[in-house]
Amino acid sequence: MTELLKITNLTYKKNYKTILDNINLSIGNGKIIGLLGENGAGKTTLMRLIAGVNSIKEGVITVDDKTKKIDIKKNVSLSDELGGFGRNTKVSEMVDFYQNVYPDFSMEKYQEIAQYLDLDESKRLSSLSTGTLGKLVIALALARNTKLYLLDEPMSGIDSMSRKKIISSIIRWKSDDSTIIISDHYVTEIASLLDDIVIIKDKTVYEMRSVESIQEKYHLGVEEYYEKVYEGGLPNE
Amino acid sequence: MSNINRINKDLFRQRGKLVSIILGFHILAIVLMMLYKKVFKVTDPTSLTGGVLIAIITGIVLLVISVIYVFDSSKYRLIPISSNGLYFSNILSAFFAIIYLLVGEAIIYFGANAIFPNPYDQMMIRDFNVNQYWFQIKLVIAFILGIMLILVGSVVIRLLVSLIGDLLPIKKQTFATVILTLIVIWAVMVPFNVITANTLILLGVQEVTTSFSSIVRMLNMSLFILVAWNVVLTFLNLYLLNRWSEATR
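For every chain, the first residue of the written sequence is number 1, and numbering continues from 1 along that sequence. The order in which chains are written sets their letters, starting at A; the order in which ligands are written sets their numbers, starting at 1. Since the coordinates come from a predicted model, pLDDT governs what is reported: local features require at least 70, and pairs of side-chain atoms require 80 or more to be given and counted, while whole-chain, interface and lining totals use all residues. Only hydrogens and water are set aside when side-chain values are computed; all heavy atoms of the structure are taken into account.

Enquirer: Tell me about the overall build of chain B, residues and numbers included.
Expert: A helix here means a DSSP run of H or I that spans at least four residues, while a strand means a run of E at least two residues long, and both kinds are numbered starting from the N terminus. What chain B contains, in helices and strands, is 8 helices and 0 strands. Listing the helices and strands of chain B from first to last along the sequence gives α-α-α-α-α-α-α-α. When each of the 249 residues of chain B is scored for burial, the buried share is 42%. In this tally, Lys and Arg are treated as positive and Asp and Glu as negative; His is ignored, and so are the chain termini. Note on charges: their place is set at NZ of Lys, CZ of Arg, CG of Asp or CD of Glu. Across chain B, the centroid of the 18 positively charged side chains sits 9 Å from that of the 9 negatively charged ones. Per-residue accessibility, obtained with a 1.4 Å probe over protein chains only, is compared with the maximum for each type, and a residue is labelled buried under 20%, exposed over 50%, and partly exposed between these values.

Structure below.
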């Protein structure tokens, strides 16, 4: 396993507040990682920093041995909330935009995922339910052929049937050598997917651990382990 | 196709659409006005200059919003393209949109005057139609450079407001952002005015009289200053964009 993402001494401050403090992280390829933390822990900020949308003032982020923003962006697919598109935009227009601006966007892959998730390209953004919007975000993010996928709270506000579909699509369309980082605070939903977890607590990476080691050492599921960490019931090693 | 060409294609299409809508509305407004005059038998001549001015101002305002939006939106900031590439694609597409808007408005103006002639506009066309072609070309260039300066300057102000806002404990409070924007505009305008005025003095503006050659010299100075400011502010924008700026949407 080779190192895909490396974060060194990353600190991010905004509006006089430290949001992330001295983050150090190393993630290999071919994994599904859960980025866990309570609301406002800095999960989204960390993802945006990795994707190059927020500017790095202190620290270094390396993706596939590259530190230049443009090279990182080529290797990272972030599930954008699609806020940049007008409410009247048709799904087909958004797909056209992705196909136009991302050279690694696979139309074939998108159509497969869209068919599986029952996405209708003729609909407008304003007419989509939260669940369908969530599915569209995932379909667009996964249809790019990149090394690192950052899925920011993909299950947020989504019904259980759609959640199941999203989870199975993540498993189905993930290539062997790509890595997916999924952030969420509803751990139960994504626990079954994960190889490793990264817990963000007190503005920094509290711990990175494999799901296997949690089960072996503590005989706990990911959710129980995460809860215990947040309640202060487990020592940080 | 390179990434810059890909984004250029999208921005050119988007801005072309925006200007086409403005031109379409202007034509519609002229047709409706003439219909109204015919139906209600209004015989007073109506100048078309005001409509052209409104359309151009609307176009500039919408283009400024559109240019700033590209730098604010993660829709564009996520695209694998350098900040410089994004900046020049954005500004270049806005530049061509301005040319399209001005040419379109000129066609509408002269076309409408040919179909619905009125004494005010005919007098204006006659006055402008003297044989000073080089002077006229320079005037149009100065006008375009002025619009570009508005665009580039607006980006400077937006990026500075965003940078300073991130350093202050104000988060996304609208009122505080408005106050901050006004302060930044004032802070930018003071050195802008001082430097422009002093440069004009250095270039010999005090010797300018009302003679045509003096006016031409004044126009040349203005062209030089407009180009200089556009270049300086472009460098400032590129620095802010590369080092400090981040998507807010």
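So, next bit.
Enquirer: Lay out the interface of chain A and chain B in plain terms, naming residues and giving numbers.
Expert: The partner chain B presents 30 residues to the 28 residues of chain A that form the contact. Simply put, the buried area is the total loss of 1.4 Å probe accessible area from both parts when two parts are fitted together. Taking both partners together, chain A and chain B bury about 2600 Å²; carbon and sulfur atoms supply 50% of that area. Salt bridge criterion: a side-chain nitrogen from Lys or Arg within 4 Å of a carboxyl oxygen from Asp or Glu. Seen at the junction of chain A and chain B, the total is 1 salt bridge. The term polar contact refers here to a pair of N or O atoms within 3.5 Å; inside protein, the definition further demands a hydrogen-donor-capable atom paired with an acceptor-capable atom, and it admits residues adjacent in sequence only when both atoms are side-chain atoms. There are 4 residue pairs in polar contact (both at pLDDT 80 or more) connecting chain A and chain B. Mapped by element, the contributors of at least two residues to the side of chain A that touches chain B are β1 (3-14), α1 (43-51), α2 (69-75) and α3 (91-101) of chain A. In this count, Pro and Cys sit with the nonpolar residues alongside Ala, Val, Leu, Ile, Met, Phe, Trp and Tyr, while Asp, Glu, Lys and Arg are called charged and the others, Gly among them, polar. Of the residues assigned to the side of chain A that touches chain B, the class counts are 12 nonpolar, 7 polar and 9 charged. Two residues form a contact once any of their heavy atoms are found within 4.5 Å.

Enquirer: Lay out the nonpolar core with the relevant residues and their values.
Expert: Working definition of a nonpolar core: buried Ala, Val, Leu, Ile, Met, Phe, Trp, Tyr and Cys residues. They are joined through side-chain atoms within 4.5 Å. Among the nonpolar cores identified, the biggest contains 146 residues, and A:Tyr110 and A:Leu136 are the most heavily contacted of them. In terms of residue count, helix α6 (residues 133-167) of chain B provides more of this core than any other element does, 16 residues in total. In this structure, this core is formed jointly by two domains, domain 1 (1-129) and domain 2 (132-249) of chain B, each of which donates at least three residues. Non-local contacts of A:Leu136, meaning those with residues more than four positions away in its chain, are made with A:Leu82, A:Val91, A:Met94, A:Tyr110, A:Leu119, A:Leu125 and A:Leu128. Note that domain bounds follow an automatic or database assignment of domains.

Enquirer: Account for the domain arrangement of chain B, with residues named and values stated.
Expert: Residues and elements named next belong to chain B. When its domains are assigned, chain B resolves into domain 1 (1-129) and domain 2 (132-249). Across the boundary between the two partners, domain 1 contributes 24 residues, which contact 22 residues of domain 2. Regarding the contact of domain 1 and domain 2, the summed buried area is about 2200 Å², with carbon and sulfur atoms giving 74% of it. Among the ionic pairs, Asp72 bridges to Arg158, the shortest N-O distance being 3.0 Å.

Enquirer: Can you lay out the confidence of the model for chain B for me, pointing to particular residues and giving the numbers?
Expert: For every residue, the predictor assigns a confidence score, pLDDT, that lies between 0 and 100. Taken residue by residue, chain B gives an average pLDDT of 87. The fraction at 70 or more is 95%. The least confident element of chain B, judged by mean pLDDT, is helix α5 (residues 119-128) of chain B at 75; the most confident is helix α2 (residues 49-72) of chain B at 93.

Enquirer: Give me the pairing of strand β3 (residues 32-36) of chain A: which residues, what numbers.
Expert: Residue and element names in this part refer to chain A. Summarising burial for β3: 5 of the 5 residues are buried, a large majority. For two strands to be treated as a pair, DSSP must find no fewer than two bridges joining them. One ladder, built from 4 bridges, connects β3 with strand β8 (residues 196-201); its direction is parallel. In the strand pairing of β8, Gly34 is matched with Ile197.

Enquirer: With reference to specific residues and values, describe the environment of B:Val61.
Expert: Along the chain, B:Val61 falls in helix α2. On the basis of relative accessible area, B:Val61 is assigned to the partly exposed category, the value being 45%.

Enquirer: Which residues make up the sheet that holds strand β7 (residues 179-184) of chain A, and what values go with them?
Expert: To summarise the sheet geometry, strands pair through backbone hydrogen bonds and adopt either a parallel or an antiparallel arrangement. All names here are of chain A. Read across the open sheet, the 6 strands follow the order β5-β6-β7-β3-β8-β9; overall the sheet is mixed. The open sheet has two edge strands with one neighbour each: β5 (76-78) and β9 (204-210). Averaged over all pairs of adjacent strands, the angle between their axes in this sheet comes to 15 degrees, without regard to strand direction. Angular values range over 0 to 180 degrees, each being the angle between N-to-C directions of two axes fitted as lines to C-alpha atoms, with helices fitted over their stretch in contact. Sheet strands in contact with α1 are β3, β5, β6 (148-152), β7 and β8, and its direction is about 150 degrees off that of β6.

Enquirer: I'd love a proper account of the UniProt feature "transmembrane region" (unreviewed entry) in chain B, names of residues and values included.
Expert: Residue and element names in this part refer to chain B. UniProt positions are given in the numbering used here, feature names are shortened, and annotations may be inferred rather than shown by experiment. When the UniProt feature table is mapped onto this chain, "transmembrane region" (unreviewed entry) is found at residues 18-36, 48-71, 91-116, 136-161, 173-195 and 215-241. For residues 173-195, the end-to-end C-alpha separation is 33 Å, with 96% helix and 0% strand making up the annotated structure. Annotated as residues 215-241, this span is 100% helix and 0% strand, and its ends, taken at the C-alpha atoms, are 38 Å apart.

Enquirer: Residues and numbers for the pattern of salt bridges, please.
Expert: All names here are of chain A. A full pass over the atoms with the stated rule returns 8 salt bridges over all chains. In this structure, Asp104 and Arg144 form a salt bridge, with 2.9 Å as the shortest nitrogen-oxygen distance. Here Arg144 lies in the loop between α5 (130-142) and β6 and Asp104 lies in the loop between α3 and α4 (107-116), a separation of 40 residues in the sequence. Across this residue pair, the class does not change: Asp104 and Arg144 are buried. Between Glu207 and Arg209 there is a salt bridge, with the nearest N and O atoms lying 3.0 Å from each other. Salt bridges linked by common partners bring Asp64, Lys66 and Lys147 together as one network.

Enquirer: Give a detailed account of the packing of α4(A) against α5(A), specifying residues and quantitative values.
Expert: Residues and elements named next belong to chain A. Here α4 crosses α5 at 155 degrees, and the two axes come no closer than 9 Å. Between α4 and α5, the angle falls in the class roughly antiparallel. When the axes of α4 and α5 are compared, the crossing they make is right-handed. In this structure, α4 uses Lys109, Tyr110 and Ile113 to contact α5, whose residues at the interface are Leu136, Ala139, Leu140 and Leu142. Partitioned by chemical class, the residues of the contact of α4 with α5 number 6 nonpolar, no polar and 1 charged. Note that the term roughly parallel is reserved for angles under 35 degrees, roughly antiparallel for angles over 145, roughly perpendicular for angles of 65 to 115, and oblique for everything else. In this scheme the handedness of a crossing depends on how the near helix is turned from the far one: anticlockwise by less than a right angle means left-handed, clockwise means right-handed.

Enquirer: Please give an account of a nonpolar patch on the surface that cites residues and values.
Expert: All names here are of chain B. Grouping into patches uses exposed residues only, defined as over 30% relative accessible area, and leaves out salt-bridged ones; the cut-off is 9 Å for like charges and 5 Å for nonpolar side chains (Val, Leu, Ile, Met, Phe, Trp, Tyr). Each accessible area is a Shrake-Rupley result for a 1.4 Å probe, and residues are judged covered by the shown protein chains and nothing else. On the surface, a nonpolar cluster with roughly 670 Å² of combined accessible area is contributed by Ile21, Phe25, Ile27, Leu28, Val31, Leu32 and Leu35. Assignment of secondary structure puts Leu28 in helix α1 (residues 3-39). A residue is classified by how much of its surface remains accessible, and Leu28, at 45% relative accessible area, is partly exposed.

Enquirer: Residue-level account of unusual backbone geometry, with values.
Expert: All names here are of chain A. For Asp118, which is not glycine, the phi dihedral falls at a positive 55 degrees. Structurally, Asp118 is set in the loop between α4 and α5. By relative accessible area, Asp118 is classed as exposed at 58%. In this structure, Asp202 is a non-glycine residue whose phi angle is positive, near 50 degrees. Judged by relative accessible area, Asp202 falls into the exposed class, the value being 63%.

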